[in-house]
Amino acid sequence: MDDAAWQHKVAVVQQALDRVGERTDDPMETLKALSSADLAATTGYLVAAAEAGVPVLLDGLMSVACALTAERIAPGASAWFAAGHRSTEPGQSLALSKLGLEPLLDLGLRLGEGSGAVAAVPVLRSAIAVLRDVALLSEIMG
């Protein structure tokens, strides 16, 4: 991205923030003012999953941005979230840090369509198998 494109993006974001003003102080108002229907729905899904105690594997920038808003709506929700991978988008790394999440995969991938989270599933399955199937030393010695 060249400097002109970067400056244009910065200006567009600043205009949106100026337009909504203090509405960003409230997470529901933030969703109304700056979100799209799909991002609002994703945020709602994340809140509902956390309230139901269902773990969620997050993917890239947009899902992690929704997770930040879900955490604002339902503090503690992020305890139910895991990050599938770290994208090359700097904003995703900042959001993961704010949520206290370390991604399962950090391969410098430029993925999309949930493929980063899908790529992390075998890692999770392997970890579950180890925890479930490997005997404890006390079981072997006893």
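Here goes a summary of the coordinates provided. (Residues numbered from 1 in each chain as written. Predicted model: local features only at pLDDT ≥ 70, side-chain atom pairs only at ≥ 80, totals over all residues. Heavy atoms only, no water.)

A look at the overall build of the protein
Working step 1: When you go through the protein residue by residue, the secondary structure sums to seven helices and two strands.
Working step 2: Its helices and strands taken in sequence order, the protein reads α-α-α-β-α-β-α-α-α from the N to the C terminus.
Working step 3: Computed over C-alpha atoms, the radius of gyration of the protein comes to 19 Å, more than 25% over the 14 Å expected from 2.2 N^0.38 for 142 residues, which places it beyond the range of a compact globule.
Working step 4: Overall, the protein is about 70 × 35 × 20 Å in size when its C-alpha atoms are taken along their principal axes.
Working step 5: Counting only residues that meet the buried cut, the protein has 29% of its 142 residues in that class.
Working step 6: Put simply, 50% of the contacts in the protein that link residues at least 6 apart link residues at least 24 apart.
Working step 7: Only carbon and sulfur atoms are counted for the fraction: they give 61% of the accessible area of the protein, which is about 9,200 Å². (Helix = DSSP H or I, 4+ residues; strand = E, 2+ residues; numbered from the N terminus. Rg over C-alpha atoms; globule rule 2.2 N^0.38 Å. Buried < 20%, exposed > 50% of the residue type's maximum accessible area, 1.4 Å probe, protein only. Contact = heavy atoms within 4.5 Å. Areas by Shrake-Rupley, 256 points an atom, 1.4 Å probe, with all protein chains shown as cover.)

Notes on helix α1 (residues 3-20)
Working step 1: Over its 18 residues, α1 runs 26 Å from end to end, which matches the ideal 26 Å to within 8%, given 1.5 Å per residue.
Working step 2: For α1, the N-terminal cap is Asp 2; the gap from its side-chain oxygen to the backbone nitrogen of Ala 4 is 3.3 Å.
Working step 3: Just beyond α1, the residue with positive phi is Gly 21, at close to 55°. (Expected span 1.5 Å × (residues − 1). Polar contact = N/O pair within 3.5 Å; in protein donor to acceptor, adjacent residues only side chain to side chain.)

Re the side chain of Thr 30
Working step 1: Along the chain, the position of Thr 30 falls in helix α2 (residues 27-34).
Working step 2: With residues up to four places along the chain from it excluded, the contact list for Thr 30 reads Arg 23, Thr 24, Ser 35 and Arg 72.

Concerning helix α3 (residues 37-52)
Working step 1: Between the first and last C-alpha of α3 there are 22 Å, a value that for 16 residues agrees with the 22 Å anticipated at 1.5 Å per step.
Working step 2: Leu 39, Thr 43, Leu 46, Val 47, Ala 49 and Ala 50 are the residues of α3 that are buried. Projected down its long axis, α3 shows its buried positions confined to an angular sector of 165°, all on one face. Pointing more than 90 degrees away from the buried face of α3 are the exposed residues Ala 37, Asp 38, Glu 51 and Ala 52.
Working step 3: With its phi angle positive at about 75°, Gly 53 sits one or two positions after the end of α3. (Arc of directions from axis to C-beta.)

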